[in-house]
Amino acid sequence: MKGSLKVLFIIFAALSILLPFQAKAKDVVIRKPPETLDKFYPPLSKKPEFIIQMHKMSTHFGGVFVDMGEKDWENAEKHGDQLAEEYKKTSEMVPEWKDYFNLEAAASFAKAVKTRDPKQIGKASNELGKTCGSCHAANQIAVWTRYHWPSLKSMKIIDPVSEKELEYGKYMRGLSGAFKGVTVNFGENQYDRAGKALNAFKKKYLELRSTCSKCHTDDNVKQFFVGDDIIAAMSNMKKELASAKPNIGNFWKNVGIVGKQGCKMCHLTHRAYSKIQKIWEEAK
Ligand code: HEC
Ligand code: HEC
Ligand code: HEC
């Protein structure tokens with residue numbers, strides 16, 4: 001390999017180790033992060049100190065390779081030393097996680113930079129990068145769930161049918177029951193009952209629009225899951241129920257639109273993290 005190509009290759013290799021490593025184990029376990037991490041995140045700390053620390057390490061790690069590409073060895077060496085320093089600091093933040101760190105690998109990396117030999121630097125960076133990757137694979141999703149995904153715990157919705165204030169999960173169970181009220185009655189050819197159930201279901205469903213602004217600032221999100229396509233599907237269901245001889249295929253087609261574009265897509269977007277939070281909560 002020619003010199004410049006080699007450097008490019010090493011930069012590429014270095015960037016790829018900065019990305020989270022893939023878990024090698026077959027099973028992914030999403031374990032609740034240790035409570036000692038709480039103090040590095042709001043509300044206990046003003047800033048997300050843990051992430052800031054990650055950025056520091058990542059900048060110095062990347063800095064070594066940027067400067068190496070420019071043959072600015074003086075700064076490359078500085079970044080190597082600073083990385084080792086920040087790495088050590090990070091290793092002292094969460095005692096339960098200290099085994100993910102390999103202080104020797106960080107020191108060896110800083111030393112390798114001083115050799116100015118791309119081969120040695122590449123090798124040492126791989127060893128160090130592996131330690132970043134194994135912690136990310138095991139803990140990153142858990143940390144997103146714990147500190148970044150907004151909790152539904154204190155969110156209440158007023159049921160427009162009963163006018164009762166319900167917690168989110170309970171509201172969903174009522175919504176699900178109302179949806180079944182429509183489909184079960186339709187399956188029994190009880191179109192009058194199905195029509196009444198549809199009115200209640202539609203009210204409950206559209207009330208969900210009032211919740212979006214609790215987490216989203218952009219009103220355009222309401223084009224998804226609770227948008228015009230869902231309202232049109234409900235209107236089509238209603239039209240069939242009002243006709244003397246409902247078109248059965250058309251009715252079920254529109255039920256499918258509500259179920260897939262509405263319930264399912266919204267669950268795929270919002271329910272995974274919320275489910276993990278709930279399981280941790282129940283385990284307490
Ligand atoms: C002991 C565990 C652990 C180790 C070791 C670790 N990280 Fe992290 N890192 C995390 C966690 C957890 C997150 C997710 C933080 C969050 O999203 O709040 C993260 C996130 C990051 C991010 C993304 C920050 C963002 O804005 O979302 C970068 C970049 C990063 N780490 C770089 C590194 C580098 C480089 C190393 C090794 C030199 C490293 N990390 C070692 C746990 C670790
Ligand atoms: C408990 C908080 C919460 C509520 C309530 C909520 N969302 Fe979200 N939603 C999120 C988060 C967090 C994301 C992922 C990050 C992002 O996109 O903001 C997301 C992502 C989305 C996305 C995909 C990405 C995007 O922003 O376009 C859509 C679409 C969406 N939500 C629509 C809705 C709609 C419609 C409602 C109301 C019916 C709603 N959300 C209610 C938290 C919430
Ligand atoms: C705006 C997004 C959204 C839409 C639309 C939506 N859901 Fe949900 N659903 C959620 C979220 C978020 C949860 C998780 C609630 C929790 O964790 O407490 C949930 C939970 C549920 C649950 C489990 C409730 C429990 O705690 O036992 C059921 C059942 C359910 N939804 C049914 C439905 C049905 C049926 C529809 C469509 C007719 C639907 N949902 C439409 C977001 C949505």
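Here the structure is a predicted model, which is why all the values come from computation and not from measurement.

Conventions and cut-offs
- Residues numbered from 1 in each chain as written.
- Chains lettered and ligands numbered in written order.
- Predicted model: local features only at pLDDT ≥ 70, side-chain atom pairs only at ≥ 80, totals over all residues.
- Axes fitted to C-alpha atoms, helices over the stretch in contact; angles between N-to-C directions.
- Helix = DSSP H or I, 4+ residues; strand = E, 2+ residues; numbered from the N terminus.
- Parallel < 35°, antiparallel > 145°, perpendicular 65-115°, else oblique.
- Left-handed = near helix turned anticlockwise from the far one by under 90°.
- Contact = placed C-beta atoms within 7 Å.
- Nonpolar A, V, L, I, M, F, W, Y, C, P; charged D, E, K, R; others polar.
- Expected span 1.5 Å × (residues − 1).
- Bend = angle between axes of the 7 residues up to and from the residue.
- Buried ≥ 20, exposed ≤ 12 C-beta atoms within 10 Å, placed from the backbone.
- Domains from an automatic or database assignment.
- Near = placed C-beta within 6 Å.

Undergrad: Is there a simple way to explain the packing of helix α6 (residues 168-187) against helix α7 (residues 191-207) in this structure?
TA: A pair of packed helices can be characterised by two numbers: the angle between their axes and the separation between those axes. At a closest axis distance of 8 Å, the pairing of α6 and α7 adopts a crossing angle of 155°. Here α7 runs roughly antiparallel to α6, going by the angle between their axes. For the crossing formed where α6 meets α7, the hand is left-handed. The residues of α7 that touch α6, namely those facing Gly174, Leu175, Ala178, Phe179, Gly181, Val182, Asn185 and Phe186, are Tyr191, Arg193, Ala194, Ala197, Leu198, Ala200, Phe201, Lys204 and Tyr205. Classifying every residue of the contact of α6 with α7 gives 12 nonpolar, three polar and two charged.

Undergrad: How do you make sense of helix α5 (residues 118-148) when you look at a structure like this?
TA: The α-helix advances 3.6 residues per turn, and as a result positions three or four apart in sequence lie on the same side. Its 31 residues give α5 an end-to-end C-alpha distance of only 38 Å, which falls more than 12% under 45 Å, the value for a rise of 1.5 Å per residue. Along α5, the sharpest change in direction is near 50° and occurs at Asn139. Of the positions making up α5, those classed as buried are Ile121, Ala124, Ser125, Leu128, Gly129, Cys132, Thr145 and Arg146.

Undergrad: How do you make sense of the domain arrangement of the chain when you look at a structure like this?
TA: In terms of domain boundaries, the chain breaks down into domain 1 (3-148) and domain 2 (156-283). The centre of domain 1, based on its C-alpha atoms, is set 45 Å off from the matching centre of domain 2.

Undergrad: Please explain the site of ligand 1 as it appears in this structure.
TA: The immediate surroundings of ligand 1 are formed by 21 residues, with Met54, Ser58, Cys132, Cys135 and Val143 found nearest. For the shell around ligand 1, the secondary structure elements donating two or more residues are α2 (49-69) and α5. Top contributing element to the shell around ligand 1 by residue count: α5, with 10 residues. A breakdown of the residues in the shell around ligand 1 according to their chemical character gives 16 nonpolar, five polar and no charged.

Undergrad: Is there a simple way to explain the environment of Leu83 in this structure?
TA: Relative to the helices and strands, Leu83 resides in helix α3 (residues 73-91). Taking the number of C-beta atoms within 10 Å as the measure of exposure, Leu83 has 25 and is therefore buried. Separated by 186 residues in sequence, Leu83 and Thr269 place their C-alpha atoms 37 Å apart. Those residues within four positions of Leu83 in sequence are excluded, and the remaining contacts are Met57, His60, Phe61, Ala106, Phe109 and Ala110.

Undergrad: What's the story with the site of ligand 3 in this structure? I'm lost.
TA: Every one of the 20 residues lining ligand 3 counts as a neighbour, but Gly169, Met172, Ser176, Cys263 and Cys266 are closest to it. Breaking the shell around ligand 3 down by element, the ones donating at least two residues are α6 and α9 (248-283). The leading source of residues in the shell around ligand 3 is α9, at nine residues. Partitioned by chemical class, the residues of the shell around ligand 3 number 10 nonpolar, six polar and four charged.

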